[in-house]
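# Topology and contacts: notes
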Amino acid sequence: MSEAEESSPAAGACVLVVLGGVVVAVAFAVDEAAGVLTVITAGTVALWRSARRPVSDSSATPPPPPEPPSGDVYARETGRAREIRRTVGEGYLIFPEIEYTTDG
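Once that is clear, we can look at the overall build of the protein chain. A count of helices and strands for the protein chain gives 2 helices and 2 strands. For the protein chain, the N- to C-terminal ordering of α and β elements is α-α-β-β. Long-range contacts, defined as pairs at least 24 residues apart, comprise 32% of the intrachain contacts of the protein chain with a sequence gap of at least 6. When the accessible surface of the protein chain is split by element, carbon and sulfur atoms take 62% of a total near 9400 Å².

What follows is about a nonpolar patch on the surface. The grouping of Val18, Val22, Val26 and Val30 at the surface amounts to a nonpolar patch, some 370 Å² of accessible area in total. Mapped onto the elements, Val30 comes out in helix 1 (residues 9–30). Residue class for Val30 comes out exposed when judged on its relative accessible area of 66%.

With that out of the way, let us pick up the pairing of strand 1 (residues 73–86). Burial within strand 1 is sparse, with just 0 of its 14 residues counted as buried. Here 10 bridges tie strand 1 to strand 2 (residues 92–102), and the two strands are oriented antiparallel to one another. Residue pairing across strands places Glu83 opposite Phe95, the latter belonging to strand 2. The antiparallel pairing of strand 1 with strand 2 creates a hairpin that spans 5 residues between the two strands, and Gly89 there sits at a positive phi of about 95 degrees.

The tally for this structure, following the rule as stated, stands at 3 salt bridges. When the shortest N-O distance is used, the salt bridge between Glu83 and Arg85 registers 2.6 Å. Taking the relative accessible area as the measure of exposure, Glu83 reaches 28% and is therefore partly exposed. Arg85 sits in the partly exposed class, given a relative accessible area of 43%. Members of the salt-bridge network, linked through shared partners, are Arg82, Glu83 and Arg85.

Further remarks concern the confidence of the model for the protein chain. With 88% of its residues at a pLDDT of 70 or more, the protein chain shows a mean pLDDT of 82. Here strand 1 stands out as the least confident element of the protein chain, with mean pLDDT 82; helix 2 (residues 32–51) is the most confident, with 90.

For the rest of this paragraph, the subject is the packing of helix 1 against helix 2. At their nearest, the axes of helix 1 and helix 2 sit 6 Å apart, and the two run at 150 degrees to each other. On the basis of the axis angle, helix 1 is roughly antiparallel to helix 2. Facing helix 1, whose interface residues are Val23, Val24, Ala27 and Phe28, helix 2 presents Glu32, Ala34, Gly35, Val36, Thr38 and Val39. A class-by-class count of the residues in the contact of helix 1 with helix 2 yields 7 nonpolar, 2 polar and 1 charged.

Conventions we followed
Residues numbered from 1 in each chain as written. Predicted model: local features only at pLDDT ≥ 70, side-chain atom pairs only at ≥ 80, totals over all residues. Heavy atoms only, no water. Helix = DSSP H or I, 4+ residues; strand = E, 2+ residues; numbered from the N terminus. Contact = heavy atoms within 4.5 Å. Areas by Shrake-Rupley, 256 points an atom, 1.4 Å probe, with all protein chains shown as cover. Patch = residues over 30% accessible without salt bridge, like charges linked within 9 Å, V, L, I, M, F, W, Y side chains within 5 Å. Salt bridge = Lys/Arg side-chain N within 4 Å of Asp/Glu carboxyl O. Buried < 20%, exposed > 50% of the residue type's maximum accessible area, 1.4 Å probe, protein only. Pairing = 2+ DSSP bridges. pLDDT = per-residue confidence, 0-100. Axes fitted to C-alpha atoms, helices over the stretch in contact; angles between N-to-C directions. Parallel < 35°, antiparallel > 145°, perpendicular 65-115°, else oblique. Nonpolar A, V, L, I, M, F, W, Y, C, P; charged D, E, K, R; others polar.

Okay, here's the thing in structure tokens:
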């Protein structure tokens, strides 16, 4: 098939909508009660199908982040304090010593 001849999901959906409209129109032409019953039945089936679809598990653990590229520079805390400052009241601010490392 060439690119112009490939089918698309939208084209298939349009065909199904048109066919459904024809079925409903024929049902209304036969009897108004049959048309209403057809619309109610189609709605019930659509609701039942959407309710039976599996629900995605949003509590799943996300995949691990990709490995960092080699040769980049990263900062990490060494565990030693660079500076300790007393704050207003009884608190202290501790500034860690930072070490720069390269991966690779």
